[in-house]
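Results of the structural survey
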Amino acid sequence: MILKESIESVRNSFRADSDPFPTDDQSVESLRVKYLGRKGLVAGLFAGMKDIDGKDRPMAGQLLNELKQELTLAFESNSPGEKGKTEVNDVDYTLPGLAFPIGHVHPLQQTMDEIKSIFMDVGFSVAYGPEVDDDFHNFSALNFPPEHPARDMQDTFFIDPETVLRTHTSNVQIHLMEEQEPPLRHIVPGRVYRNEAISFKSYCLFHQVEGIYVDKHVSFADQKGILEYFVKRMFGPNTKMRFRPSFFPFTEPSAEVDIWSEQRGQWLEILGCGMVDPEVFKSVNVDPDIWHGFAFGMGLERICMLKYGIDDIRLLYQGDMRFLEQF
Amino acid sequence: MKISIDWLKSFISLEGSTQDIADQLTMLGLEAELNVVTSKLGDIIIGEVTSRKKHPNADRLSLCEVYDGNETYPVVCGAPNVDKGQKIAFAPVGAVLPGDFKISKAKIRGEVSQGMICSERELGISEEHDGIMVLNDVAKPGQSFTKYIDSHLDQIELDITPNRPDCFSHLGVARDLAIQLETPLEIPDYSPRSFKSNEAESFVSISIEDKNDCPRYIAGVVKNVKVGDSPNWLKSRLESVGQRSINNIVDISNFVLMEMGHPTHMFDYDQLGSKEILIRRGKKGEKITTLDEVERNVSSNELLITNGKDPVAIAGIMGGLESAVTDSTTTVLIESAYFDPPTVRKGAKALGMSTDASKRFERGADPNGAEKAFWRTVGLLEEVAGGEWVPGIVDPYPKQITQNEITLTREKLDILSGCDISDDFIIRALKGIGCDVNGKSKSWQCTPPSWRPDIEREVDLIEEVIRLFGYENVPSKYHYEGIMNGDQPDPHKGLSKILSIISGLGFTQVFNNSLQSEEKISILDFESVKMMNPLSDTMSQLRTSLFPGLMENVDFNIKNGHPNLMLFEWGNVFEQAESGLKGIREKFQLAGIVHGQFTKASVHREQDQPADYHVLKGAIDGLFSRMNVDKASYELVDENPYGLGNCSAIVVDKTPIGYIGMISPRFASTMQLDTDLCYGFQFDLNALIAIADKQPSYAGIVNYPVVERDLNFVMDESIRVGDVMDTISKNGRGILIQSEPINIFRHKSVGEGQKAIAINLVFQSASKTLEDKDVNSVIDGIIKVVSNKFGAKLR
């Protein structure tokens, strides 16, 4: 088809003439006249349509239209300055705002910060300690004798028979008391590990905030006061809570604290606590006849999940933006 | 452990619903749960079936009328056991059953049905679904079903803490409740029988190799027993705690265990193969097939009951199959012993077994309970299996287990409790748990009972007193004793600031698993910390860098439609730098990653801005600006060990505290991730926190006008713009307050291998209005230095 070749030759010629596209108005206009003017090359091709066989005409028409479109577009997109653009009279206030990159703070971090700030408000300091520790600091000094069934309460990862991934941040109370004389009043946030199968409700690691308050006259009643204050700050002033007897090797007497969930119609355990066992004091050469104290520990994940209604602990470790951007 | 309320009631009188009793137990420290949740059955009421006839259009359906105390409703029911006169659980129209199933008015095969008669499964009470639940005659139409069912549920699940072996039995649980409820405890007859001559000694002799392993071993014989089915009362007792009846002999042993907590074992006397019982540790290579028909290799970890030669049972854990009671047994040897708790625990752990018996022995059985259990068993063998007791008992007790007297002082109790508990209450509580109590108001001498091995010290007595006094009755106190502790109450205070800045810059925080696979760890060159007992191969080592986790986060989010990411994490990474615990380094780090587009093209912006190295660098600049650190510099290095390449060290006060660069493609290839190029930063977080708290010091605002000039240099492509800018800054002679490259132009007109850089310079003096000549002389100096140093020319 002769016309097809002619179309290609006009296209090539335009591409040569428009590279670079002229910048001054006059040259642009003469280029436009040469190709798209009333007597321009494209118009000439359209005129040649009448010589085309009937059956080829639709195809030829399509090709020709494509060429015309390409050229028109080239002039539009290369129109110098603002000349070709239309005026904007009004700002469209309904357009979306410019997207800023927005960062989100992890719900566990938010929960940890809140817990820290509540205890710091009532005079607790914050301490940190090692995640890998020896049996003494993680178990023996906390009154978990070797071959005692209490050790079964915490499934443990071992690095060697004497070295463990800490199963609680209670190891830090031992480090603290080794390093400083009472009185002391600390909370200890940190990562702890349990050798438990991963499921929606348990993970191989979690974060704990443990607290310890030791002075000459710290009593069970003080423990109740401080932990009640914490629960009401954390879960609201009308939260119904209870202390019930329990067992931990490193406290005596020991308690667990539950809060009432109206929604689930049941008590939910949120922390364990108790008066520091004299054996713990003895293991760090603190005289249990003089010093008394209480200690408590809570799982950050549990509190975070309760607070935000998260039903699968694994979501906290997946880095899923669909989850994180909700916080 | 499962506890039956009815069984408890054989020792104490109990009132209230099962839920009430469970709550009382929970508040005593015996965490109790009902296996059935009735709180969702509030809509259900008791109804009476007042008539029943066949459904005219369906063979298997009945057309009933149910009276709810007020009105009578037509109900179509499909259960085969429905009948006139029954009291049933009725779900009226509008009621919601467990599983959010709402009852509505319906037409079933042409007949109107207004409500449902429920089966136990529909109520969530059991799996029973063969028919409807039929209530007993106490039920009255119109009453709340919850109330009815609460008083008819029998079973409670107890979670016994390791310090309370005495509560692994109905009697033990009843004892605690009796103190709380101030009601008497009725104890079954465990009294020893008298005998003239000890005939049992001619049946069996006992030797104990090590009295520490086995302080006490009681044996006795009952002959002419008839092995068979247990009587119904015995079967139903065991069923009520979820145990299957096996035969009368075995059932007696289980019954005694559940009743008073002491494990006993029944041997078929004739299968023992000898009259001697020797209790000794296992030997290497020894084997025994236990009751569960598993052949087990034993070693010196396990204590064995032997016939002098071969093992017949693993002490305190499980009996042997060969000497087990069978249908043809006629003579039974009863074993009721006290084994050393750590010995049983070691053995059970070594064998990977945990049985009803081992659980009790590990936690500390009652050495006197062994004798009581023996006599109880003898009595039951006579009663239930028609046996004849061979008069006598063999009871070697080489190591007496005794309870020490403990002094409880009022002073210590008051300090620890923080409240007043009366003398009367103290004495009642301690006597209630079985202590011998002597003394007056300031101190008491107490000897705890043999079934409470957990009570050894004064503080243990105090625990019992406060526990029984009720934690809810201890007042809450709110007074503190002064300010304590050091200068900085939170050593991580700076971290909060850093987190708020980084998230403000657009980074989202993640927490990742610290446990990783060997494959991921192998990407970097650190010696890692490895676990002896990993959960799985994919979590066998501690992470050495935060980047593998962050890369996985990127990959995960790409696959879920979020390819444009800015993430960060803080936490510890670990290195086994030298051997042992002392050789483990915990490194506190902060790392971040960017991927995809920083900003996308939109109606406001024509082009995407990829999240590249310079976006990241801008973020770090922003971080330092907010931290008021103005002396940070970037020094090019090849790589850093945590997984960055083509990177720069971030240097503050001549110390590199972090790195920024391209994340090694080795992560993506080894971990098979779908990530594009990622850039990241990594900081020593302690170093960053140390400078996070830096206070800005205010510098006066200068009001003299600024003078701006642009310079356009042409230079070789190999010259780094940063070096040029550094040189310019150093030659500002005190009046160049700002300089930045604003354009880089590459074109043939500039020359092959050359680039033109436009630089904007801002001048200002703190003391006067600058004149052209002041600025020109500085600019001339800059041009000269840049030309000389970099071979640059002004364009």
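Residues numbered from 1 in each chain as written. Chains lettered and ligands numbered in written order. Predicted model: local features only at pLDDT ≥ 70, side-chain atom pairs only at ≥ 80, totals over all residues. Heavy atoms only, no water.

**Some points on helix α11 (residues 369-385) of chain B**
All names here are of chain B. An ideal rise of 1.5 Å per residue puts 24 Å on 17 residues; α11 measures up with 23 Å between its terminal C-alpha atoms. Counting buried positions over the 17 residues of α11 gives twelve, a clear majority of the element. Turning to α11, its buried residues are G369, A370, A373, F374, W375, R376, T377, V378, L380, L381, V384 and A385. Turning to α11, the residues buried within the fold contact β15 (216-223), α7 (232-240), α8 (248-260), β16 (265-268), β23 (332-338) and β24 (388-389). Where α11 terminates, the next one or two residues include G386, which has phi positive at roughly 60°. (Helix = DSSP H or I, 4+ residues; strand = E, 2+ residues; numbered from the N terminus. Expected span 1.5 Å × (residues − 1). Buried < 20%, exposed > 50% of the residue type's maximum accessible area, 1.4 Å probe, protein only. Contact = heavy atoms within 4.5 Å.)

**Here we look at the layout of surface pockets**
Residues and elements named next belong to chain B. Within this model, the second largest pocket holds a volume of roughly 1300 Å³. If you trace the second largest pocket, you find 28 residues lining it, with K617, Y634, V721, G722 and D726 closest to the centre. Of all the elements in the fold, those that place two or more residues in the lining of the second largest pocket are α18 (613-626), β35 (633-640), β36 (644-652), α21 (721-730) and β40 (736-745). (1 Å grid on protein atoms, 1.4 Å probe; cavity = no way out; pocket = protein on both sides within 12 Å on 5 of 7 lines; lining within 4 Å. Points joined across faces, edges and corners; volume = space filled by probe spheres on them.)

**Here we look at the side chain of R360(B)**
Residue placement: R360(B) occurs in helix α10 (residues 356-363). Among residues more than four places away in sequence, those in contact with R360(B) are M1(B), F168(B), L257(B), M258(B), G261(B), P263(B) and A365(B).

**Looking at the sheet that holds strand β17 (residues 276-281) of chain B**
Residues and elements named next belong to chain B. Strand order in the open sheet formed by five strands is β14-β17-β20-β21-β22, with mixed pairing between adjacent strands. Only two strands of the sheet have a single neighbouring strand rather than two, namely β14 (205-208) and β22 (318-319). Sheet topology note: the β14/β17 ladder contains four bridges and is parallel. Looking across to β17, one finds that I206 is bridged to I277. (Pairing = 2+ DSSP bridges.)

**Some points on the sheet that holds β16(B)**
Residues and elements named next belong to chain B. With antiparallel pairing, four strands are arranged side by side in an open sheet as β16-β23-β15-β24. At either end of the open sheet lies a strand with only one pairing partner, and these are β16 and β24. Each of β15, β16, β23 and β24 is contacted by α11, which is oriented at about 160° to β23, the strand it contacts most. (Axes fitted to C-alpha atoms, helices over the stretch in contact; angles between N-to-C directions.)

**Some points on the pattern of salt bridges**
Taken as a whole and assessed by the stated rule, the structure comprises 53 salt bridges over all chains. Across the pair R457(B) and E279(A) runs a salt bridge whose closest N-O atoms are separated by 3.2 Å. Separated into two different chains, R457(B) in the loop between β27 (443-447) and α14 (458-469) and E279(A) in helix α9 (residues 278-283) make up a pair that spans both. We classify E279(A) as partly exposed; its relative accessible area is 27%. (Salt bridge = Lys/Arg side-chain N within 4 Å of Asp/Glu carboxyl O.)

**Considering the interface of chain A and chain B**
Note on interface size: it is often stated as the accessible area lost on association of the parts. On the chain B side, the residues contacting the 96 residues of chain A number 85 residues. A combined buried area of about 7600 Å² lies between chain A and chain B, and 58% of that area is made up of carbon and sulfur atoms. Of all residues in chain A, E147(A), P245(A) and E252(A) give up the largest surface area on contact with chain B, accounting jointly for 9% of the area buried on that side. Between R457(B) and D277(A) there is a salt bridge, with its nearest N and O atoms 2.6 Å apart. Our enumeration of links across chain A and chain B arrives at 38 residue pairs in polar contact (both at pLDDT 80 or more). Considering every element that reaches the side of chain A that touches chain B, the biggest residue donor is helix α8 (residues 220-235) of chain A, with seven residues. Tallied by class, residues from the side of chain A that touches chain B come to 48 nonpolar, 21 polar and 27 charged. (Buried area = accessible area lost by both parts, 1.4 Å probe. Polar contact = N/O pair within 3.5 Å; in protein donor to acceptor, adjacent residues only side chain to side chain. Nonpolar A, V, L, I, M, F, W, Y, C, P; charged D, E, K, R; others polar.)

**Considering the nonpolar core**
Residues and elements named next belong to chain B. Counting residues in hydrophobic clusters, the biggest one holds 215 residues, and the most contacted among them are F145, F624 and L688. By residue number, the principal contributor to this core is α11, which donates nine residues. Leaving out residues up to four positions away in the same chain, F624 has contacts with V629, A632, I650, V652, I657, F683, L688 and I691. If you look at the next biggest cluster of nonpolar residues, it comprises 37 residues, including I208, A219, L272 and L304. (Core = buried A, V, L, I, M, F, W, Y, C linked by side-chain atoms within 4.5 Å.)

**Focus on empty space enclosed by the protein**
Regions of empty space are outlined by a rolling probe, equal in size to a water molecule, passed over the atoms. What the rule picks out here adds up to three cavities of 30 Å³ or more. Put simply, the largest cavity is a space of about 60 Å³. Taken together, P245(A), S246(A), F247(A), L28(B), G29(B), L30(B), T161(B), N163(B), R164(B), E463(B), E464(B) and R467(B) make up the lining of the largest cavity. The set of elements that each furnish at least two residues to the lining of the largest cavity consists of β7 (241-248) of chain A together with α14 of chain B. Each residue belonging to the lining of the largest cavity can be placed in one class, and the counts come to four nonpolar, four polar and four charged. Reported here for the second largest cavity is a volume of approximately 60 Å³.

**Considerations on α21(B)**
Residues and elements named next belong to chain B. Buried within α21 are the following residues: V721, V724, M725, T727 and I728. The buried residues of α21 occupy an angular sector of 160° when the element is viewed end-on, so they sit on one face. Taken together, the buried residues of α21 touch β39 (707-716), β40, β41 (754-763) and α22 (772-790). (Arc of directions from axis to C-beta.)

**As for the packing of aromatic side chains**
The full count for this structure, using the stated rule, is 36 aromatic pairs over all chains. Pairing Y213(A) with F294(A) gives two aromatic rings, centres 5.7 Å apart and planes at 75°, and the pair type is edge-to-face. One end of the pair, Y213(A), is in strand β6 (residues 205-215); the other, F294(A), is in strand β10 (residues 292-299), with 81 residues separating them in the sequence. The ring centre of W260(A) lies 4.9 Å from the NZ or CZ of K240(A), which sits over that ring. A cation over an aromatic ring shows up here: R193(B) above the ring of W389(B), its NZ or CZ 5.5 Å from the ring centre. (Phe/Tyr/Trp six-rings, centres within 6.5 Å; stacked < 30°, edge-to-face > 60°. Lys NZ or Arg CZ within 6 Å of the ring centre and 35° of its normal.)

**What to know about unusual backbone geometry**
Across the junction of D19(A) and P20(A), the peptide omega takes the value -5°, indicating a cis bond. Note that P20(A) resides in the loop between α1 (2-17) and α2 (25-36). One non-glycine residue, K654(B), lies in the positive phi region at around 65°. Here K654(B) is to be found in the loop between β36 and β37 (655-663).

**Here's the deal with the environment of L63(B)**
Here L63(B) shows up in strand β4 (residues 62-67). Not counting residues within four places of it along the chain, the set of residues in contact with L63(B) comprises S51(B), R52(B), K53(B), K54(B), H55(B), P56(B), V75(B), V76(B) and E111(B).

**What about the pairing of β39(B)?**
All names here are of chain B. Relative to β41, β39 runs antiparallel, the two being bridged by ten bridges. Pairing of F713 across the sheet is with I757, part of β41. In this sheet, strand β42 (residues 793-794) lies alongside β39 in antiparallel orientation, the contact comprising two bridges. When the sheet's bridge partners are listed, F713 is paired in β42 with L794.

**Remarks on the pairing of strand β9 (residues 266-276) of chain A**
Residue and element names in this part refer to chain A. For β9, the tally of buried residues reaches eight of eleven residues, placing the bulk of the element in the interior. As judged from the nine bridges shared by strand β8 (residues 251-261) and β9, these two strands associate in the antiparallel manner. The residue bridging A255 from the neighbouring strand is C273, located in β9. As consecutive antiparallel partners, β8 and β9 are separated by four residues, and within that stretch G265 has a phi angle of approximately 65°, a positive value. Across four bridges, β9 lies against β10 in antiparallel orientation. Residue pairing for β10: C273 is matched across the bridge by F296.

**Some details on the side chain of D133(A)**
Structurally, D133(A) can be placed in strand β2 (residues 132-134). The charged side chain of D133(A) is buried without a salt bridge, its nearest counter-charge being R166(A) at 6.7 Å. One polar contact links D133(A) to N171(A), side chain to side chain, over a distance of 2.9 Å. At a separation of 2.7 Å, a polar atom in the side chain of D133(A) contacts the side chain of H175(A). Beyond its immediate sequence surroundings of up to four residues, D133(A) is in contact with E162(A), T163(A), V164(A), N171(A), H175(A) and L581(B). (Lys, Arg positive; Asp, Glu negative; His and termini not counted.)

**Side note on the environment of I735(B)**
Residue and element names in this part refer to chain B. Residue placement: I735 occurs in the loop between α21 and β40. The spacing of I735 and V762 is 27 residues in sequence and 8.4 Å in space, taken between C-alpha atoms. Once residues within four sequence positions are removed from consideration, I735 is found in contact with V762, F763, Q764, S765, L770, D774 and V778.

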